[in-house]
Amino acid sequence: MKQLLVAVFLIISPVLQAQNWERVSNQVNVENNADPNKALVYDLWKSFLEAHDDSASFFPQWNEADKHKWKQPDLISSEGFLNINLYAYLNKVLEIRPENGTYVIRSMFYTPYNDNKDVFVLAITNHIVKKDEKGEFKIYNWLDYYTRNWPRKTVGLIDYIYYPEFHFNKKKAQEANDLINMLHDKLDVNLPQRITQYIAPNVYEQQKMKGYDYLIGMGDEQGNSGGTFDRKNFIIYGDSAGGENYQHEIARLINPTYPDAHLLLVQGMAEYVNTEQIEFGLSHRQHYGRMKEWLDLHPDSDISDMDGKFYTMDNQTAPAYLVGKIVCHELFKKDGYQALKRALVAGEDDALFFRFLQNEIGVSKDRFNQWMREKIILYSKEDIPPLQ
């Protein structure tokens, strides 16, 4: 799903300078509305969007409670999926409705394209607007409103918030903490004071929980399963399949400590800690088998080209994770955790990455394609033991 988004945003970029397009517009009648608060809500939202800068977190339109709770209080802008500034796009307010003493503002983020003749919709979001303790209207995250009646449990470093039908397993929660401690002890990963994990039934409900009525790429998730990590606020958004010990997303704790790590290492570590070795309903060996079949049909494809079609072969197998897993495993075989730590600080640039591999395990960029093809064949027949 993320691969789809990358391709789309390379083509569809913000067109804020387009003539005859308002930065923020409204199709709700607020001027003659019997509820005068709707005009206030719209003006608050409009001023927030017009002032929004992706580098700024503490806007006067946002409530103080979220500012104290989160490093980036607006969770839509940091939730870990889009990886873009959604607020850079045009916005149209679709609805302002009173609900349980609050106002729900539903709006559409979009951009014109095709010479400004058509509209490309990126997302439809929900936010809460209500009066704070001072009696002033402020913006609140939909997430807290949506999950206000969900059960909560704390195990170790993790505060769990999960949907009511979920059967919480404390043993798995402890295993999640064990993994976190391993990352800290073996890879020097800096840990936050707390981690918050939300568990929704599936990806669709996960996005709905965050506040998305619609999000580009919805429906493309294989098996409606997956998760994301908010690295600014240390929030894991997971599903029932990942459960309490969502190893793939827990591994994302590595990213803030090693922000300049190469993409293959970042993606590879997310699967290297996966003891279940299952992704999108298939075992890792099955995925390697699918990768081998694709490569056999595309003998000219070069695995060292991160922008090549191999890395977006389909929506069921994500090659970057599994190619990266092989790289991580081969480094670990050479010099254990020390090799992995050296790799994570070697640099995110391809040239630096391949120079490191050549110096560390003797695999140059020119040799990487053939070497990796051979490893993919090998690991389509036998498992790679997880890093634990």
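Everything numeric here is computed off the predicted structure, so don't read it as measured data.

Rules of the game
- Residues numbered from 1 in each chain as written.
- Predicted model: local features only at pLDDT ≥ 70, side-chain atom pairs only at ≥ 80, totals over all residues.
- Heavy atoms only, no water.
- Helix = DSSP H or I, 4+ residues; strand = E, 2+ residues; numbered from the N terminus.
- Rg over C-alpha atoms; globule rule 2.2 N^0.38 Å.
- Contact = heavy atoms within 4.5 Å.
- Areas by Shrake-Rupley, 256 points an atom, 1.4 Å probe, with all protein chains shown as cover.
- Salt bridge = Lys/Arg side-chain N within 4 Å of Asp/Glu carboxyl O.
- Buried < 20%, exposed > 50% of the residue type's maximum accessible area, 1.4 Å probe, protein only.
- Lys, Arg positive; Asp, Glu negative; His and termini not counted.
- Polar contact = N/O pair within 3.5 Å; in protein donor to acceptor, adjacent residues only side chain to side chain.
- Pairing = 2+ DSSP bridges.
- Axes fitted to C-alpha atoms, helices over the stretch in contact; angles between N-to-C directions.
- Phe/Tyr/Trp six-rings, centres within 6.5 Å; stacked < 30°, edge-to-face > 60°.
- Lys NZ or Arg CZ within 6 Å of the ring centre and 35° of its normal.
- Core = buried A, V, L, I, M, F, W, Y, C linked by side-chain atoms within 4.5 Å.
- Parallel < 35°, antiparallel > 145°, perpendicular 65-115°, else oblique.
- Left-handed = near helix turned anticlockwise from the far one by under 90°.
- Nonpolar A, V, L, I, M, F, W, Y, C, P; charged D, E, K, R; others polar.

Asks: Where do I start with the overall build of the protein chain in this structure?
Replies: Looking only at helices and strands, one finds 13 helices and 13 strands in the protein chain. Taken over C-alpha atoms, the radius of gyration comes to 23 Å for the protein chain, in line with the 21 Å a tight globule of 388 residues would show. The principal-axis extents of the C-alpha atoms in the protein chain amount to approximately 70 × 50 × 35 Å. Relative to all contacts within the protein chain whose residues are 6 or more apart in sequence, the contacts with residues 24 or more apart total 65%. For the protein chain, the accessible area works out to roughly 17,700 Å², and carbon and sulfur atoms hold 47% of it.

Asks: Just checking my understanding: could you explain the pattern of salt bridges for this structure?
Replies: For the structure shown, the criterion picks out 18 salt bridges. The salt bridge partner of Lys46 is Glu50, with a shortest N-O separation of 2.7 Å. Here the residue Lys46 and the residue Glu50 both occupy positions in helix H2 (residues 37-51), the gap between them amounting to 4 residues, near one helical turn. In this structure Lys46 comes out as partly exposed when scored by relative accessible area, which is 24%. Of the residues examined, Glu50 reaches a relative accessible area of 45% and is grouped as partly exposed. Residue Asp314 pairs with Arg290 through a salt bridge whose shortest N-O separation is 2.8 Å. Note that Asp314 is positioned in the loop between helix H10 (284-297) and helix H11 (319-344) and Arg290 in helix H10, a separation of 24 residues in sequence. Residue Asp314 is classed as partly exposed on the basis of its relative accessible area of 24%. A network of salt bridges, in which partner residues are shared, links Glu95, Arg97, Glu99, Arg106 and Asp213.

Asks: I keep staring at unusual backbone geometry and nothing clicks. Help me out?
Replies: Keep in mind that most residues, glycine aside, have a negative phi and that most peptide bonds are trans. Look at Asp188: it is not a glycine, yet its phi comes out positive at around 60°. Inspection of the secondary structure puts Asp188 in the loop between helix H5 (170-187) and strand S8 (195-200). With a phi close to 55°, Phe234 is a non-glycine residue in the positive phi region. Tracing the chain through its elements places Phe234 in the loop between strand S10 (228-230) and strand S11 (235-239).

Asks: Just checking my understanding: could you explain the side chain of Asp132 for this structure?
Replies: Residue position: Asp132 is located in the loop between strand S4 (118-131) and strand S5 (137-140). One buried charged side chain, Asp132, makes no salt bridge at all; its nearest oppositely charged neighbour is Lys138, positioned 4.9 Å away. In terms of polar contacts, Asp132 uses its side chain to reach the backbone amide nitrogen of Lys134, at 2.9 Å. Not counting the four nearest positions on each side in its chain, Asp132 is found in contact with Lys138 and Tyr140.

Asks: I'm lost on the environment of Ile124 in this one. Help?
Replies: Tracing the backbone through its elements, the reader meets Ile124 in strand S4. As a C-alpha pair, Ile124 and Gly362 span 238 residues in sequence and 49 Å in three-dimensional space. Apart from the residues within four sequence positions on either side, Ile124 is in contact with Leu94, Arg106, Ser107, Met108, Gly211, Tyr212, Asp213 and Tyr214.

Asks: Before we go on, may I ask you to explain the sheet that holds strand S6 (residues 152-155) in this structure?
Replies: Sheet strands pair via backbone hydrogen bonds, and the direction of the pair is either parallel or antiparallel. Taken in spatial order, the 5 strands line up as S6-S7-S8-S11-S10 in an open sheet, and their pairing is mixed. Looking at strand neighbours, the two that pair on one side only are S6 and S10, the edges of this open sheet. Within the sheet, the average angular offset between the axes of one strand and its neighbour, ignoring direction, is 20°. Pairing of strand S7 (residues 158-162) with S8 involves 5 bridges; the strand directions are parallel. Within the sheet, the bridge partner assigned to Ile158 lies in S8 and is Ile195. Along the sheet, helix H6 (residues 203-210) contacts S8, S10 and S11; its crossing angle with S11, the most-contacted strand, is approximately 140°.

Asks: Can you walk me through the side chain of Asn177 in this structure?
Replies: Relative to the helices and strands, Asn177 is located in helix H5. In terms of polar contacts, Asn177 uses its side chain to reach the backbone carbonyl oxygen of Val155, at 2.9 Å. Filtering out sequence-adjacent residues up to four positions away, Asn177 remains in contact with Val155, Gly156, Leu157 and Ile158.

Asks: Help me understand the packing of aromatic side chains, please; the structure alone is not making it clear to me.
Replies: Think of a pair of aromatic rings as described by two things: how far the centres are apart, and how the planes are tilted against each other in angle. Applying the stated rule across the entire model yields 23 aromatic pairs. Look at Phe48 and Phe59: their rings are 5.4 Å apart centre to centre, the planes differ by 90°, and that puts the pair in the edge-to-face class. One end of the pair, Phe48, is in helix H2; the other, Phe59, is in the loop between H2 and helix H3 (64-69), and 11 residues separate them in sequence. A residue is classified by how much of its surface remains accessible, and Phe59, at 8% relative accessible area, is buried. Note on Phe368 and Trp371: the rings are 5.8 Å apart at their centroids and 45° apart in plane angle, and the pair reads as tilted. Of this pair, Phe368 and Trp371 both sit in helix H13 (residues 365-379), separated by 3 residues, roughly a single helical turn. Among the aromatic residues, those joined into a ring-pair cluster are Trp45, Phe48, Phe59, Trp62, Tyr87 and Phe109. The residue whose ring lies beneath Arg148 is Tyr145, and the NZ or CZ to ring-centre distance is 4.1 Å. The positively charged end of Lys210 is found above the aromatic ring belonging to Tyr237, 4.6 Å away from the centroid.

Asks: Can you help me understand the nonpolar core in this one?
Replies: Soluble globular proteins tend to pack their nonpolar side chains together in the buried interior. By size, the foremost hydrophobic cluster in this structure holds 77 residues, and its most contacted members are Phe310 and Phe368. Ranked by the residues each element gives to this core, the list is headed by H11, at 12 residues. Aside from chain neighbours lying at most four places away, what touches Phe368 is Leu264, Ile303, Ser304, Val323, Val327, Phe354, Leu357 and Val363.

Asks: Can you help me understand the packing of H10 against H13 in this one?
Replies: Two elements in contact, H10 and H13, have axes whose closest approach is 8 Å; the angle formed by their N-to-C orientations is 135°. With respect to H13, the element H10 is oriented oblique. For H10 against H13, the interelement crossing comes out left-handed. Contacts between H10 and H13 involve Arg285, Tyr288, Met291, Lys292 and Leu295 from the former and Arg373, Ile376, Ile377 and Tyr379 from the latter. For the contact of H10 with H13, the per-class residue count stands at 6 nonpolar, no polar and 3 charged.

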